[in-house]
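Residue-level structural notes
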Amino acid sequence: MKLLIAVIQDKDSNRLSNALIKEGFRATKLASTGGFLRAGNTTFLIGIEDDRVQSALDVIRANCKVRDQLVTPVSPVSGAADSYIPFPVEVQVGGAAVFVLPVERFEHF
């Protein structure tokens, strides 16, 4: 058994949730926040049998797309903030960061 931890952008959350349900995967959704852009993310916890891991990864890959987005950097915490002029920067957002962990024991009550 494995535990998949998938961190995705909020924009992909509903689409992924619906796709997982359609394919018969059960997941727990948690609200989370990214450290770099301080933007909303959703973290999915998916307990799954070893032989279904690739199928779950395929569903995640198909529903979580990378896209470009203009963001304005956060002003520096220290230093001369009055001389700091934020210019929008194009960054890639979206996609998914997925961790696959072994599960030693699983109990369901």
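Everything numeric in this text was worked out from a predicted model, so none of it was measured. (Residues numbered from 1 in each chain as written. Predicted model: local features only at pLDDT ≥ 70, side-chain atom pairs only at ≥ 80, totals over all residues. Heavy atoms only, no water.)

**Comments concerning the overall build of the protein**
Spelled out, the test is: Each helix is a run of DSSP H or I of at least 4 residues and each strand a run of E of at least 2, with the numbering of both proceeding from the N terminus. Accessible area is worked out with a 1.4 Å probe on protein chains only. A residue is then buried under 20% of its type maximum, exposed over 50%, and partly exposed in between. Only heavy atoms enter the contact rule, under which two residues are in contact if any of them lie within 4.5 Å.
Scanning the protein from terminus to terminus reveals two helices and six strands. Counted from the first residue to the last, the protein has its helices and strands arranged as β-α-β-β-α-β-β-β. Here the protein, with 109 residues, has 27% of them falling under the buried criterion. In the protein, 69% of the contacts between residues at least 6 apart in sequence involve partners at least 24 apart.

**A word on helix H1 (residues 13–22)**
Given 3.6 residues per helical turn, the α-helix brings residues three or four places apart onto the same face. Formally: As used here, the arc belongs to the directions running from the helix axis to the C-beta atoms.
Those residues of H1 that fall on the buried side of the exposure criterion are Ser13, Leu16, Ser17, Ala19 and Leu20. Considered in projection along H1, the buried side chains sweep an arc of 165 degrees and stay on one side of the axis. The outward face of H1, more than 90 degrees from its buried face, is lined by the exposed residues Asn14, Asn18, Ile21 and Lys22. In this structure, the buried residues of H1 make contact with strand E1 (2–9), strand E2 (28–33), strand E3 (40–48) and helix H2 (53–63).

**Observations regarding the nonpolar core**
To keep things clear, this is the line we draw: Note on terminology: a nonpolar core comprises buried Ala, Val, Leu, Ile, Met, Phe, Trp, Tyr and Cys residues joined through side-chain atoms within 4.5 Å.
Counting 16 residues, the largest nonpolar core has Leu4, Leu16, Leu20, Phe44, Ile46, Ile48 and Ile60 as the members making the most contacts within it. Put simply, the parts of the chain that give this core at least two residues each are E1, H1, E3 and H2. For this core, the element with the highest residue contribution is H2, accounting for five residues. Excluding anything up to four places from it in sequence, Ile48 contacts Met1, Lys2, Leu4, Phe25, Val53 and Ala56.

**Digging into the sheet that holds E2**
To keep things clear, this is the line we draw: We call two strands paired when DSSP finds no fewer than two bridges between them. To obtain an axis, a line is fitted to C-alpha atoms, over the contacting stretch when the element is a helix, and the angle between two such axes runs from 0 to 180 degrees between their N-to-C directions.
The sheet built from four strands is open, its strands ordered E2-E3-E1-E6 with antiparallel pairing. With one partner strand each, in any of the chains shown, E2 and strand E6 (96–102) form the two edges of the open sheet. For this sheet, the mean angle separating the axes of adjacent strands, direction not counted, is 20 degrees. Pairing analysis gives eight bridges linking E1 to E3, with the strands arranged antiparallel. Bridge pairing in E3 places Ile5 opposite Leu45. Against the sheet, H1 touches E1, E2 and E3, its axis set at about 15 degrees to E3.

**Comments concerning the environment of Asp12**
Operational definition: Under the rule applied, a polar contact is a pair of N or O atoms within 3.5 Å (in protein, one hydrogen donor and one hydrogen acceptor; residues adjacent in sequence only if both atoms are side-chain atoms).
The topology assignment puts Asp12 in the loop between E1 and H1. Taking relative accessible area as the criterion, Asp12 reaches 0% and is therefore assigned buried. C-alpha of Asp12 to C-alpha of Ala96: the two residues are 84 residues apart in sequence and 9.3 Å apart in space. Here the side chain of Asp12 touches Arg15 through a polar contact of 2.4 Å, side chain to side chain.

**Some remarks on the pairing of E1**
Judged from the seven bridges that link them, E1 and E6 form a sheet pairing that is antiparallel. When the bridges of E6 are listed, Ala6 appears paired with Val98.

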